[in-house]
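Breakdown of the fold
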Amino acid sequence: MGDTPLFTLPGPWRIPIQFDVSLIVLAILFGVLYLDRGIGAATLAFGMIVVAILLHELGHAAACVVQGVPVTRVVLFGGGGFCEFTGSVTPKQEEFIAIAGPLVNLTLWALATLALPLTVTEIIRETIVNGYPIAPFIGPGPAYEALFMFARLNLFLALFNLIPVLPLDGGRLLNSWLHRFMRGITANKVSGAVGVGLAILWIPLLFAAYFTFGFVLLYFPSITLHWRLFRSGAA
């Protein structure tokens, strides 16, 4: 994961942004899923998710930069992305870094939703339905549909990343918060127990996400990782 960069671009704050070769697999998957809608729709959907994930990870990077935490790189791969930083961080710093990504997606969702009325411009002509004339009206055009999809995608990414399993942002937040009220080993065990439970429930969550948002989750939490954390309490 992130060890086979396809290419690297210079990012803000001189942070390299690496695009992993596994993104090709994701692009092919989008091509298959959107086969009936054409290459244009598949390209647009793939571009949207890459942009949304990139901005999410840059949100983490920005939180690192403002707190003086060195960032090594930002990586995008077929299953998502991550912001790699070095050095030790305090629980407060960790929480700010973790929440910054979902906050970026929530901001994008809000902005895209507020902009939706500006894209309702397509005129639907008068037509006859069951013998009755239907007057012309203004309906959603391609720009509206694309922006609506981008809004839903960012809302989905924000909520998905807040699920309290590791290494998602929600898992990092839960683990950090637990350390405020419990001993380190106990906090890790509780975090691991929550992760095991959610990993077992992941298949129903996959269907819920698909039928609610229309997106397919390519991420599966590790039951083994959370079980070890639950049994030993060692992070």
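Residues numbered from 1 in each chain as written. Predicted model: local features only at pLDDT ≥ 70, side-chain atom pairs only at ≥ 80, totals over all residues. Heavy atoms only, no water.

**Brief notes about the packing of aromatic side chains**
- Evaluated as defined, the whole model comprises six aromatic pairs.
- Centre to centre, the rings of Phe-7 and Phe-19 are 4.7 Å apart; their planes meet at 20°, and the pair counts as stacked. Remark: Phe-19 occurs in strand S2 (residues 16–20) and Phe-7 occurs in strand S1 (residues 5–10); sequence separation between them is 12 residues.
- With centroids separated by 6.1 Å and ring planes inclined at 50°, the aromatic side chains of Phe-77 and Phe-82 adopt a geometry described as tilted. An identical accessibility class is assigned to Phe-77 and Phe-82; each is buried.
- Site record: aromatic cluster; members linked through ring pairs are Phe-156, Phe-160 and Trp-202. (Phe/Tyr/Trp six-rings, centres within 6.5 Å; stacked < 30°, edge-to-face > 60°. Helix = DSSP H or I, 4+ residues; strand = E, 2+ residues; numbered from the N terminus. Buried < 20%, exposed > 50% of the residue type's maximum accessible area, 1.4 Å probe, protein only.)

**A few points about the confidence of the model for the protein**
- On average, residues of the protein score 87 in pLDDT, and 89% of them are at 70 or above.
- The least confident element of the protein, judged by mean pLDDT, is strand S5 (residues 122–124) at 62; the most confident is helix H3 (residues 91–115) at 96. (pLDDT = per-residue confidence, 0-100.)

**Re the nonpolar core**
- Counting 44 residues, the largest nonpolar core has Ile-49, Val-74, Leu-76, Phe-160, Ile-163, Val-165 and Trp-202 as its most contacted members.
- Listed by contribution, the elements that provide at least two residues to this core are S2, helix H1 (23–33), helix H2 (39–66), strand S3 (71–77), H3, helix H4 (142–161) and helix H7 (202–213).
- For this core, the element with the most residues is H2, which contributes 12 residues. (Core = buried A, V, L, I, M, F, W, Y, C linked by side-chain atoms within 4.5 Å.)

**Here we look at the state of the cysteines**
- Under the counting rule described, the total for this entry stands at zero disulfides.
- This cysteine, Cys-64, is not joined by any disulfide, and Cys-83 carries the nearest cysteine sulfur, 4.4 Å off.
- Owing to a relative accessible area of 0%, Cys-64 belongs among the buried residues under this scheme. (Disulfide = S-S within 2.5 Å.)

**Details of unusual backbone geometry**
- The linkage connecting Leu-166 with the following residue, Pro-167, adopts the cis geometry, with an omega of 5°.
- Although it is not a glycine, Trp-13 sits at a positive phi angle of roughly 60°.
- Within the fold, Trp-13 resides in the loop between S1 and S2.
- Take Trp-13: its relative accessible area is 45%, and that puts it in the partly exposed class.
- At Arg-14, a position not held by glycine, the phi torsion is positive, near 60°.
- Structurally, Arg-14 can be placed in the loop between S1 and S2.
- Arg-14 sits in the exposed class, given a relative accessible area of 81%.

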